[in-house]
Amino acid sequence: MAEPQTDVSRPSALPTANLLHRGANSKSVVDQDSAEYLDTIEEEWNKRVDNEVETLVDGMVDLVSLASIADKDKFRIAQESFQAESRAESMVRAAHSLLSITHSMKLLLLLSDEAQIAHRRDAELKLVQEEKDGTKNEAAQLLDELLRRPGQPI
């Protein structure tokens, strides 16, 4: 007897996928130390910025090449107008993406300002060191007073 066919979906196991596959030579985040991880992140940011700047440069070059003055028919003028608009739109998208990247980098800088943290740590360390030295001097003076015999000159 043939199995009846229906529209009901039958549950089945989903195929496994590696969604964030980055290349065979890249290490996993767990295997990387802090410096390697930061270098990887920096390279990703640099690639994003380079791609957007390249889009802006290519768009400007194309706009300048489209702006030639010559005898043109209406079709050619409409075609170049469309090309100029599409290039301008891609340049605007690239500029917005660069603004977004800049905003993200500013947030990263503000939220992880290691120089400021190190400066505060050094200032606190200096203050504690000064307090420690002052306390040592006071303790030495008190010890000298205790160990000094009565009637000895100071």
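Above: the structure in question.
Let me sum up the structure you'll find in this document.

1. A closer look at the overall build of the protein
When helices and strands are tallied, the protein shows three helices and zero strands. Secondary structure elements of the protein occur, N-terminal to C-terminal, as α-α-α. The burial tally for the protein puts 8% of its 154 residues in the buried class. Roughly 14100 Å² of accessible area belongs to the protein as shown, and the carbon and sulfur atoms make up 59% of that amount.

2. Thoughts on the packing of helix 1 (residues 34–66) against helix 2 (residues 74–111)
The N-to-C vectors of helix 1 and helix 2 enclose an angle of 155°; their axes lie 9 Å apart at closest approach. Comparing the axis directions of helix 1 and helix 2 gives the class roughly antiparallel. In this structure, helix 1 crosses over helix 2, and the sense of that crossing is left-handed. Residue composition of the contact of helix 1 with helix 2, by class: 15 nonpolar, six polar and five charged.

3. Focus on a negative patch on the surface
Where like charges cluster on the molecular surface, the negative patch consists of Asp33, Asp39, Glu42, Glu43, Asp50, Glu54 and Asp58. Mapped onto the elements of the fold, aspartate 33 is located in the segment before helix 1. Among the residues examined, aspartate 33 registers a relative accessible area of 44% and is labelled partly exposed.

4. Comments concerning the pattern of salt bridges
Counting across every chain of the model gives three salt bridges. A salt bridge links lysine 72 to glutamate 80, with the nearest nitrogen and oxygen atoms 2.4 Å apart. The buried category is assigned to glutamate 80, whose relative accessible area is 9%.

Here is what the cut-offs are and how they apply
Residues numbered from 1 in each chain as written. Predicted model: local features only at pLDDT ≥ 70, side-chain atom pairs only at ≥ 80, totals over all residues. Heavy atoms only, no water. Helix = DSSP H or I, 4+ residues; strand = E, 2+ residues; numbered from the N terminus. Buried < 20%, exposed > 50% of the residue type's maximum accessible area, 1.4 Å probe, protein only. Areas by Shrake-Rupley, 256 points an atom, 1.4 Å probe, with all protein chains shown as cover. Axes fitted to C-alpha atoms, helices over the stretch in contact; angles between N-to-C directions. Parallel < 35°, antiparallel > 145°, perpendicular 65-115°, else oblique. Left-handed = near helix turned anticlockwise from the far one by under 90°. Nonpolar A, V, L, I, M, F, W, Y, C, P; charged D, E, K, R; others polar. Patch = residues over 30% accessible without salt bridge, like charges linked within 9 Å, V, L, I, M, F, W, Y side chains within 5 Å. Salt bridge = Lys/Arg side-chain N within 4 Å of Asp/Glu carboxyl O. Lys, Arg positive; Asp, Glu negative; His and termini not counted. Charge placed at Lys NZ, Arg CZ, Asp CG, Glu CD.

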